[in-house]
Amino acid sequence: MDISSILQGGYQHPLSRQWQGRRALTKSMLMYPIFITDDPDASVEIKTLPGQRRWGVNKLEGFLGPLVQKGLSSVILFGVPFKCQKDGRGTPADDPQGPVIQAIHKLRTLFPSLYIACDVCLCEYTSHGHCGVLNQDGTIHTAPSVARIAEVALNYAKAGAHCVAPSDMMDGRIKAIKRALVDAGYGNRCTLMSYSAKFASALYGPFRDAAGSAPAFGDRKCYQLPPTAKGLARRAIQRDVGEGADIIMVKPALPYLDVIADAAQLAPDHPLACYQVSGEYAMVCAGADAGVYDLKVMAFETVESMVRAGATLILTYFAPQFMDWLDV
Ligand code: PBG
Ligand code: ZN
């Protein structure tokens, strides 16, 4: 055999295998999505998301304390209110007594070093379950949607969120949020992470269950990207960079590794996030339960593939397990 045909000598040792990666997965690259509900003492299992729960603010210390101890450095909050009056503009989203703002206050006091991001959207708070404000005929009314999203984002920043992350996909919301943050004096105090390339995916099923945010009619196809849309994803990424996003996100992650790689090339000077969404997590768990593979091996393979594609930040429901699995 020709000498240049021999590769195995370069990766036969556990250490030389590690050196094959351009970057290693570390704990600080993982952000944990958590669901906060409005019963302060709640700890309710979510059937479709094995091991995940809806938490009340009084439970956050006991639940997150051990994880922070083990090295969890960031969370992203999703509000799941039940006791509120939902309406056309998602009024409960930034209710000072609502679960998200209460949780921000609580977490800032409990864990001063924990980085707190907030998902910004209206679908958990609108009567119709869509992510924006609607016209009479049920279509998206862009201007008031963007204005309302920016208002909610600013109120999360004022409450102490380190990062606001709009997942609504309304056109122009990044610029509007950045403007609102800057004008109110939060331009240098709050990061803006854009769900830039968010695809209309079957993989959000368990999340909509968990958050009670399925649309009452229709679907999200007029604002979330078609899975085939490589070009639109690239345009959305470039647009959001231009509108002032501090972090770009691709979502879901594993079926869209090519889009992550595109984003790494289109926005090389930004942190790049990807979201291993609820259905991806449920799939990995279900396969392991069915004996298809080992859970830990598969969890590593999925997340390290995202790192290989170019992600520097990964939102994943596996974050707690990785705090046990990783050294740093
Ligand atoms: C809502 C939102 C969704 C997710 C994050 N924010 C669902 C959707 O767009 O319907 C999905 C997260 C997950 O599946 O884990 N704007
Ligand atoms: Zn939404």
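Residues numbered from 1 in each chain as written. Chains lettered and ligands numbered in written order. Predicted model: local features only at pLDDT ≥ 70, side-chain atom pairs only at ≥ 80, totals over all residues. Heavy atoms only, no water.

Draft legend 1. The pattern of salt bridges, seen in detail. Per the stated rule, a full pass over the model turns up 13 salt bridges. The salt bridge involving Arg148 is made with Glu151; its shortest N-O contact spans 2.7 Å. In this pair, Arg148 and Glu151 both sit in helix H4 (residues 142–159), three residues apart, roughly one turn of the helix. A relative accessible area of 4% means that Arg148 is categorised as buried. Glu151 sits in the partly exposed class, given a relative accessible area of 37%. Taking the shortest distance from any N to any O, the salt bridge between Lys230 and Asp258 comes out at 3.2 Å. Highlighted residues: Lys230 in helix H7 (residues 230–242) and Asp258 in helix H8 (residues 257–266), separated in sequence by 28 residues. Using a relative accessible area of 36% as the deciding quantity, one classes Lys230 as partly exposed. (Salt bridge = Lys/Arg side-chain N within 4 Å of Asp/Glu carboxyl O. Helix = DSSP H or I, 4+ residues; strand = E, 2+ residues; numbered from the N terminus. Buried < 20%, exposed > 50% of the residue type's maximum accessible area, 1.4 Å probe, protein only.)

Draft legend 2. Layout of the UniProt feature "binding site: 5-aminolevulinate 2" (unreviewed entry) in the chain. Here, UniProt's "binding site: 5-aminolevulinate 2" (unreviewed entry) annotation points to Ser278 and Tyr317. These annotated residues cover 40 residues of sequence, and their C-alpha atoms all fall within 7.4 Å of one another, placing them together at a single site. Setting aside anything within four residues of it in sequence, one finds Ser278 in contact with Leu49, Leu203, Tyr204, Gly205, Pro206, Phe207 and Tyr317. Within the structure, the side chain of Ser278 is placed 3.2 Å from the backbone oxygen of Leu203, a separation counted as a polar contact. The residue Tyr317 is located in the loop between strand E10 (313–316) and helix H11 (319–325) in this model. (UniProt positions renumbered as here; feature names shortened; annotations may be inferred. Contact = heavy atoms within 4.5 Å. Polar contact = N/O pair within 3.5 Å; in protein donor to acceptor, adjacent residues only side chain to side chain.)

Draft legend 3. View of the coordination of the zinc ion (ligand 2). Surrounding the zinc ion (ligand 2) are the protein donor atoms Cys121 (SG), Cys123 (SG) and Cys131 (SG), at 2.2 to 2.3 Å. Here the zinc ion (ligand 2) is ringed by four donor atoms whose angles at the metal span 96 to 121 degrees, and the overall shape comes out tetrahedral. Here the donor residues of the zinc ion (ligand 2) share one chain and are spaced in sequence as C-x1-C-x7-C. Of this pair, Cys121 sits in the loop between strand E5 (115–120) and H4 while Cys131 is found in the loop between E5 and H4, placing the two residues ten residues apart along the sequence. Each member of the pair Cys121 and Cys131 is classed as buried. (Donors = N, O, S within 2.8 Å, 3.2 Å for Na, K, Ca; no water. Tetrahedral: all angles 85-135°; square planar, octahedral: opposite > 155°, others 65-115°.)

Draft legend 4. Highlighting the confidence of the model for the chain. Of the residues in the chain, 100% have a pLDDT of 70 or more, and the chain-wide mean is 97. Interface confidence in the predicted complex, given as ipTM, is 0.97; pTM for the same model is 0.97. (pLDDT = per-residue confidence, 0-100.)

Draft legend 5. Representation of the environment of Thr312 within the structure. Inspection of the secondary structure assignment puts Thr312 in the loop between helix H10 (295–309) and E10. A residue is classified by how much of its surface remains accessible, and Thr312, at 31% relative accessible area, is partly exposed. When the C-alpha positions of Thr312 and Ile104 are compared, they lie 24 Å apart, and in sequence the two are 208 residues distant. Ignoring anything within four residues of it in the chain, the contact list for Thr312 reads Arg23, Met29, Pro271 and Leu272.

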